[in-house]
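Inside the fold
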Amino acid sequence: MTEAGAVSIDVVSLSKRQIKKRKKEEQWRLKKDELRSTRKERLRERNAKRKAEGKATKGSTRKRLKRMETDQLPPTQRVAIDMRFDHLMNDKDIKNLIRQIERCYACNRRSKKPFHMLLTGLSGKSLERLEEGVEGYRNWKNVTFERRGYGEVFEKESVVYLAAESDNVLAELDSSKVYVIGGFVDHNHHKGLSFSQAVAAGFSHARLPISEHVKLNSRKVLTVNHVYEALAAFAETGDWRESFLLTIPHRKGVETHPSVHTDGHSTNTDIDSRVSDKAESNA
Ligand SMILES: C[S@@+](CC[C@H](N)C(=O)[O-])C[C@H]1O[C@@H](n2cnc3c(N)ncnc32)[C@H](O)[C@@H]1O
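Residues numbered from 1 in each chain as written. Predicted model: local features only at pLDDT ≥ 70, side-chain atom pairs only at ≥ 80, totals over all residues. Heavy atoms only, no water.

Helices and strands together make up the secondary structure of the protein chain, namely 10 helices and 8 strands. In the protein chain, which comprises 283 residues, the share counted as buried stands at 41%. Contacts in the protein chain between residues at least 24 apart in sequence constitute 75% of all its contacts with a sequence separation of at least 6. Split by element, the accessible area of the protein chain, about 16400 Å² in all, is 48% carbon and sulfur. (Helix = DSSP H or I, 4+ residues; strand = E, 2+ residues; numbered from the N terminus. Buried < 20%, exposed > 50% of the residue type's maximum accessible area, 1.4 Å probe, protein only. Contact = heavy atoms within 4.5 Å. Areas by Shrake-Rupley, 256 points an atom, 1.4 Å probe, with all protein chains shown as cover.)

So, about the site of the ligand. In the vicinity of the ligand there are 20 residues, among which Leu162, Asp186, Ser194, Lys220 and Leu222 approach most closely. Here Gly182 contributes a backbone N or O atom positioned 2.9 Å from an oxygen atom of the ligand. Backbone polar atom of Leu193 to an oxygen atom of the ligand: 3.0 Å apart, as the coordinates give it. Surface burial for the ligand is 97%, taken as the share of its 560 Å² of free accessible area covered by protein chains. Secondary-structure elements contributing two or more residues to the shell around the ligand are β5 (178–182) and α6 (193–200). A per-class count over the shell around the ligand returns 12 nonpolar, 4 polar and 4 charged. (Near = heavy atom within 4 Å. Polar contact = N/O pair within 3.5 Å; in protein donor to acceptor, adjacent residues only side chain to side chain. Nonpolar A, V, L, I, M, F, W, Y, C, P; charged D, E, K, R; others polar.)

Attention now moves to the packing of helix α3 (residues 91–110) against helix α4 (residues 124–133). Relative orientation of the contacting elements α3 and α4 amounts to 60°, with a least axis distance of 10 Å. Judged by the inter-axis angle, α3 sits oblique to α4. The element α3 and its partner α4 pack so that their crossing is right-handed. Contacts between α3 and α4 involve Asp91, Ile94, Lys95, Leu97 and Ile98 from the former and Lys125, Ser126, Arg129 and Leu130 from the latter. Looking at the contact of α3 with α4 residue by residue, the classes come out as 4 nonpolar, 1 polar and 4 charged. (Axes fitted to C-alpha atoms, helices over the stretch in contact; angles between N-to-C directions. Parallel < 35°, antiparallel > 145°, perpendicular 65-115°, else oblique. Left-handed = near helix turned anticlockwise from the far one by under 90°.)

Taken as a whole, the second largest pocket spans an internal volume of roughly 450 Å³. If you go around the second largest pocket, you meet 27 residues; those closest to its centre are Leu162, Ala163, Ala164, Val221 and Leu222. Mapped onto the lining of the second largest pocket, the elements with two or more residues apiece are β5, α6, α7 (210–213) and α8 (224–237). (1 Å grid on protein atoms, 1.4 Å probe; cavity = no way out; pocket = protein on both sides within 12 Å on 5 of 7 lines; lining within 4 Å. Points joined across faces, edges and corners; volume = space filled by probe spheres on them.)

Ranked by size, the top nonpolar core spans 57 residues in total, and within it Ile101, Met117, Leu208 and Leu231 carry the most contacts. Among the elements of the structure, β1 (78–82), α3, β2 (116–120), α4, β4 (159–162), β5, α8 and α9 (240–247) are those that each provide at least two residues to this core. Sort the elements by how many residues they give to this core and α8 lands first, with 8 residues. Beyond its immediate stretch of four places on either side in the chain, Leu208 contacts Leu170, Leu222, Val227, Leu231, Trp240 and Phe244. (Core = buried A, V, L, I, M, F, W, Y, C linked by side-chain atoms within 4.5 Å.)

With 4 of its 5 residues buried, β2 lies for the most part within the structure. When β1 meets β2, the two strands line up parallel, connected through 5 bridges. Along β2, the bridge assignment pairs Val79 with Met117. In this structure, β2 lies alongside strand β3 (residues 143–145), joined through 3 bridges in parallel fashion. For Leu118, the partnering residue across the bridge sits in β3 and is Thr144. Read as a crossover between parallel neighbours, the route from β2 over α4 to β3 is right-handed. (Pairing = 2+ DSSP bridges. Right-handed = clockwise from strand over helix to strand, strands pointing away.)

When α4 is considered as a whole, its buried residues turn out to be Ser126, Leu127, Arg129 and Leu130. All buried residues of α4 fall inside an arc of 160° around its axis, so they share one side. (Arc of directions from axis to C-beta.)

A few words now on the packing of aromatic side chains. Remark: the centre distance and the inter-plane angle together describe each pair of aromatic rings, the angle taken between the planes. Counted under the stated rule, the structure contains 9 aromatic pairs. Ring centres of Trp140 and Phe145 lie 6.2 Å apart, and the angle between their planes is 40°; this geometry places the pair in the tilted category. Phe145 gets classed as partly exposed once you look at its relative accessible area, which sits at 27%. Each residue in the set Tyr105, Tyr137, Trp140 and Phe145 is aromatic and connected to the rest through ring pairs, giving one cluster. Sitting over the face of the ring of Phe85, Arg84 holds its NZ or CZ atom 5.8 Å from the ring centroid. Sitting over the ring of Phe203, Lys156 keeps its end group 5.0 Å from the ring centre. (Phe/Tyr/Trp six-rings, centres within 6.5 Å; stacked < 30°, edge-to-face > 60°. Lys NZ or Arg CZ within 6 Å of the ring centre and 35° of its normal.)

The final tally for this structure, using the stated rule, is 6 salt bridges. In this structure, Glu41 engages Arg44 in a salt bridge whose closest nitrogen and oxygen atoms are separated by 3.1 Å. Residue Glu41 and its partner Arg44 are both found in helix α1 (residues 16–52); the two are separated by 3 residues, about one turn of the helix. Relative accessible area serves as the criterion here: at 35%, Glu41 is assigned to the partly exposed category. Glu131 is the partner of Arg138 in a salt bridge, and the nearest nitrogen-oxygen pair spans 2.5 Å. On the basis of relative accessible area, Arg138 is assigned to the exposed category, the value being 59%. Take Glu131: its relative accessible area is 40%, and that puts it in the partly exposed class. (Salt bridge = Lys/Arg side-chain N within 4 Å of Asp/Glu carboxyl O.)

The following block contains the structure:
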């Protein structure tokens, strides 16, 4: 920033639209900093009040996350996101995909059993969006960014492409495998595309065991972050039913399978408290 309120940007070889976009993004960054310090100030006040009342004080989210991270086990399971669908998405969908990936990362940070998360085939607009929109993504822990596609990075035998259309059911997680999620937001315009590509290239595939454990009143194609969160919840609990109830949003009409005798309530408050129901509706 050059002077109060003024925004400095490099205008060389940028179109008017790009300049406007950059300005907006820089202003948003400034706003975020402002919001962050307001939040910190409020936390300080709240803590001072709690201290005066003789109550325990809460650490900042950042500190709590750090503490959670130090309790984490080192990752043994690989989960990759296949980022080669840029050409089939518009800017809004790409933005949405990157937001979903941020959710996957947030889930990983809070997990007791984090995955080694890989973004493969990362280039073009998705990479640009990460660069422009996600501050500090290069420092993400337990995450690898790869320009090469998953077929070049992993041994063929170790890949299991996840797809709702597969006839194979994923029963367990196998640490010798890498589970690949299609990094794709297409509102179902390209039904089964990532699946048919994986089949054509000769990779193994599997679907999540949704219908075996819960009832869904909508299609079983989940968003990238919901697939990731379901896998993460299963890695911690070893219970698919609980994992789906925790991660699939209520608006998809998720219910306990009628054949399963249950009270329908999760007992794992640890996970419960951190799974958001506000996730994207954009599969
Ligand atoms: C929004 S979906 C993409 C849908 C897109 N029409 C396609 O066919 O690739 C994003 C990714 O999540 C994974 N996925 C979604 N639902 C799944 C399910 N029920 N079982 C396994 N993987 C699933 C797949 O890897 C899929 O590519």
